[in-house]
Amino acid sequence: MDLDAFFASVEELDNPEWKGSPLVVGADPKMGLGRGVVTTANYAARKYGIKSAMPISEAWRRCPTARFVRGHYPRYTEKSREVFDILQEATDVIERAGIDEAYLDLSDKVDTFDEAVNLARDFQARIEAATGLTASFGMATSKTVAKIASDYRKPRGITAVTPGTEATFLAPLAARRIPGVGPKTEARLEELGIETCADLAALSGTRMGELFGSWGPRLAELARGIDDSPLLVAWERKSLGNETTYAQDVDDPRVWESTLNALAEESAETLQKEGVVARTITIKVRVTGFETYTRGRSLPVPVCEKDAIARVALDLLRENAPDKPVRLLGLRLTGLAAVVRGQSTLRAWPADVLGELEPWIAPQRRVDDW
Ligand code: TTP
Ligand code: MG
């Protein structure tokens, strides 16, 4: 499930007189001189080619008469929760994949794809009646294909990709639609003249490895609709982590780094023992004089490997390098999810994919509930 033009739809809901005319949620366009980007746009604004992540100045040039509004995030969170409550009534095997998207495992609820389509219609009606928002659904045998299918006929779309037809469904679609393909891979695809999933699927695993490194063979499988990644459902614990206090304040960055590495290793061990993955990584730094700050980053793909956790932690530390000796370093993981019905073990995502998927999540924010 993925909600249609989510933030813009909430704005229309709260301001019914805006409905149907172009609406852009994002930075202030300042008559075309504004900086910042489009967060999302309603479907009327998309007719002008306005889309998420486009510079706000370009959106303004494309449609100066559009209504431009700043986002109201607490309200979006509230509406998101209302939608998830409805989905939760039907199944508890549900992965919350973002503020407006979720994966539901319906294997125990339906026997055929026809029944799944009926269930999706039912969900759509209940969501719209209860929240005033519209949603699109994709049904398939895997998360990747279901996600692409949910986007296939928006808004209010329902698309079922029956077993065995995955590769045929994907074949004509743009390769960049594959979840995990970010700006870096997209540029590489363009360079190589690869446009569709069929183009990608035609390449051998070996060739894909040569072209895209460790992510290549996986990308080729995804392009054929092969994906055994399991659902990740919320875990009972909210966070885990640990911290180290130095006997004497330390001003050597190499020591800080080895501390964070050790903390990452401990956390990774716990995660793996419990079969859990984490989406958000936060570091805590206390410098001489007890001044303390935390910095966190959310990843688009939850992780459980030591290297991935350490890499984010070290990046956060380097970007916020302490200017005084350090008394304490901590590492905390939140957004914890358990792997359901292990169809497979979790795949280790290559570091370049983790890095490249990051952009739209605000790269830095304070995490207050350490
Ligand atoms: P999406 O589901 O990608 O977009 P959408 O719901 O607005 O439109 P669609 O009908 O195509 O699904 O993202 C959900 C919300 O997340 C979106 O309303 C705004 C926010 N968002 C960002 O903040 N930055 C981004 O780059 C994107 C793509 C979305
Ligand atoms: Mg959406």
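Throughout this document, residue positions are counted from 1 along each chain, in the order its sequence is written. Lettering for chains starts from A, numbering for ligands starts from 1, and both go in the order in which the items are written. With the structure being a predicted model, the display of local features is reserved for residues of pLDDT at least 70 and the display and counting of side-chain atom pairs for 80 or more, all residues being used for whole-chain, interface and lining totals. Hydrogen atoms and water are omitted, and side-chain values are computed over all heavy atoms in the structure.

Trainee: Which parts of the structure should I look at to understand the coordination of the magnesium ion (ligand 2)?
Mentor: The reference angle at a metal is 109.5 degrees if four donors form a tetrahedron and 90 or 180 degrees if six donors form an octahedron. For the magnesium ion (ligand 2), the full set of protein donor atoms is Asp-2 (OD), Leu-3 (O) and Asp-100 (OD), and the range of their distances to it is 2.0 to 2.2 Å. For Na, K and Ca the donor cutoff is 3.2 Å, while for all other metals N, O and S atoms count as donors only within 2.8 Å; water does not appear among the atoms, so some sites may look incomplete. Key to geometry: four donors with every angle between 85 and 135 degrees are tetrahedral; four donors are square planar and six octahedral where opposite donors lie over 155 degrees apart and all remaining angles lie between 65 and 115; all other sites are irregular. Around the magnesium ion (ligand 2), the six donor atoms sit at angles spanning 79 to 179°, and that spread fits a shape best called octahedral. Only protein chains enter the accessibility calculation, which uses a 1.4 Å probe; a residue is then buried when its area is under 20% of its type maximum, exposed when over 50%, and partly exposed in between. Its relative accessible area of 14% is what places Asp-2 among the buried residues.

Trainee: Which parts of the structure should I look at to understand the nonpolar core?
Mentor: Side chains that are nonpolar tend, in soluble globular proteins, to be buried together. The term nonpolar core refers to a set of buried residues drawn from Ala, Val, Leu, Ile, Met, Phe, Trp, Tyr and Cys, joined through side-chain atoms within 4.5 Å. In this structure, Leu-271 and Ile-309 are the most contacted members of the largest nonpolar core, which totals 37 residues. Note on contacts: a residue pair is in contact if any heavy atoms of the two residues lie within 4.5 Å. Those residues in contact with Ile-309 that sit more than four places away from it in its chain are Ala-264, Ala-268, Leu-271, Ile-281, Val-303, Cys-304, Leu-331 and Leu-333. Of all hydrophobic cores here, the second largest spans 31 residues; its members include Ala-5, Val-10, Ile-94 and Val-117.

Trainee: Which parts of the structure should I look at to understand the environment of Val-287?
Mentor: Along the chain, Val-287 turns up in strand E11 (residues 276-287). Through-space distance from the C-alpha of Val-287 to that of Ile-158 is 54 Å; in sequence the pair is 129 residues apart. Dropping the residues within four chain positions of it, Val-287 is found in contact with Pro-322, Lys-324, Pro-325, Val-326 and Arg-327. Here a strand is any run of E in DSSP of at least two residues, a helix any run of H or I of at least four, and the numbering for each starts at the N terminus.

Trainee: Help me understand the site of ligand 1, please; the structure alone is not making it clear to me.
Mentor: In the vicinity of ligand 1, 14 residues are found, and the nearest of them are Asp-2, Ala-5, Thr-40, Tyr-43 and Arg-46. Residue Tyr-43 places a side-chain N or O atom 2.6 Å away from an oxygen atom belonging to ligand 1. Bound to the protein, ligand 1 loses 81% of the 560 Å² it would expose on its own. Those elements giving two or more residues to the shell around ligand 1 turn out to be strand E1 (2-3), helix H1 (6-14), strand E3 (38-41) and helix H2 (43-46). Each residue gets one label: Ala, Val, Leu, Ile, Met, Phe, Trp, Tyr, Cys and Pro are nonpolar, Asp, Glu, Lys and Arg are charged, and the others, such as Gly, are polar. Counted by class, the shell around ligand 1 contains six nonpolar, three polar and five charged residues. Nearness here has a simple test: a residue counts as near a molecule or strand if at least one of its heavy atoms is within 4 Å of that partner. Polar contact is the term for a pair of N or O atoms within 3.5 Å; when the atoms are in protein, one must be able to donate a hydrogen and the other to accept it, and sequence-neighboring residues count only if both atoms are side-chain atoms. Using a 1.4 Å probe, accessible areas were evaluated by the Shrake-Rupley method; residue-level cover was limited to the displayed protein chains.

Trainee: So what exactly am I meant to see when it comes to the side chain of Glu-101 here?
Mentor: Assignment of secondary structure puts Glu-101 in strand E6 (residues 101-104). Classification of Glu-101 as buried rests on a relative accessible area of 15%. Only 2.7 Å separates the side chain of Glu-101 from the side chain of Lys-147, close enough to count as a polar contact. Among all residues touching Glu-101, those that are not within four sequence positions of it are Met-1, Asp-2, Phe-84, Glu-95, Arg-96 and Lys-147.

Trainee: Looking at this structure, how should I read the environment of Trp-18?
Mentor: Structurally, Trp-18 is set in the loop between H1 and strand E2 (23-26). Here the alpha-carbon distance between Trp-18 and Arg-67, two residues 49 residues apart in the chain, equals 8.3 Å. Look past the residues within four positions of Trp-18 in its chain and what remains in contact with it is Glu-11, Glu-12, Leu-23, Arg-67 and Val-69.

Trainee: Help me understand the packing of H1 against helix H4 (residues 73-90), please; the structure alone is not making it clear to me.
Mentor: Geometrically, a packed helix pair is captured by the angle between its two axes and the distance between the axes. Orientation is described by axes fitted as lines to C-alpha atoms, over the contacting stretch for helices, and by angles from 0 to 180 degrees between their N-to-C directions. In the contact formed by H1 and H4, the axes pass within 10 Å of each other and the chain directions differ by 95°. Considered as vectors, H1 and H4 are oriented roughly perpendicular to each other. Note on element contacts: H4 touches H1 through Tyr-73, Arg-75, Tyr-76, Lys-79 and Ser-80, opposite Phe-6, Phe-7, Val-10, Glu-11, Leu-13 and Asp-14. By the definition adopted for this analysis, an angle is roughly parallel if under 35 degrees, roughly antiparallel if over 145, roughly perpendicular if from 65 to 115, and oblique otherwise.

Trainee: Would you mind going over the packing of aromatic side chains with me for this structure?
Mentor: Given two aromatic rings, their pairing is described by the distance between the two centres and the angle made by the two planes. To pair, rings of Phe, Tyr and Trp, with the six-membered ring standing in for Trp, must have centres within 6.5 Å; the planes then decide the type, stacked if under 30 degrees apart, edge-to-face if over 60, and tilted in the middle. Summed over all chains, the structure comprises seven aromatic pairs. A centroid spacing of 5.4 Å and a plane angle of 85° characterise the contact between Phe-7 and Tyr-73, whose relative ring orientation is edge-to-face. Of this pair, Phe-7 sits in helix H1 while Tyr-73 is found in helix H4, placing the two residues 66 residues apart along the sequence. For the pair Phe-7 and Tyr-76, a centre-to-centre distance of 4.1 Å together with 15° between the ring planes defines the contact as stacked. Placement of the pair is Phe-7 in helix H1 and Tyr-76 in helix H4, with a sequence separation of 69 residues.

Trainee: Just checking my understanding: could you explain unusual backbone geometry for this structure?
Mentor: The phi torsion of most residues other than glycine is negative, and most of the peptide bonds are trans. At the junction of Lys-154 and Pro-155, the peptide bond is cis and its omega measures out at -10° in the coordinates. The residue Pro-155 is located in the loop between helix H6 (143-150) and strand E8 (158-160) in this model. Even without being glycine, Met-31 reaches a positive phi, approximately 50°. Here Met-31 is to be found in the loop between E2 and E3.

Trainee: What's the story with the pattern of salt bridges in this structure? I'm lost.
Mentor: Should the charged atoms of two oppositely charged side chains come close, the side chains can pair. Between Lys or Arg on one side and Asp or Glu on the other, a salt bridge is scored when a side-chain nitrogen of the former is within 4 Å of a carboxyl oxygen of the latter. Taken as a whole and judged by the stated rule, the model has 23 salt bridges. Note that Glu-12 and Lys-19 form a salt bridge whose closest N and O atoms lie 3.8 Å from each other. Note on Glu-12: relative accessible area 10%, which makes it buried. Ionic pairing is found between Glu-319 and Arg-297, a salt bridge with its closest N-O pair at 2.8 Å. In this pair, Glu-319 is assigned in helix H13 (residues 306-319) and Arg-297 in strand E12 (residues 292-303), connecting sequence segments 22 residues apart. Residue classification places Arg-297 among the buried positions, given a relative accessible area of 7%. One salt-bridge network, held together by shared partners, links Asp-2, Asp-4 and Lys-154.

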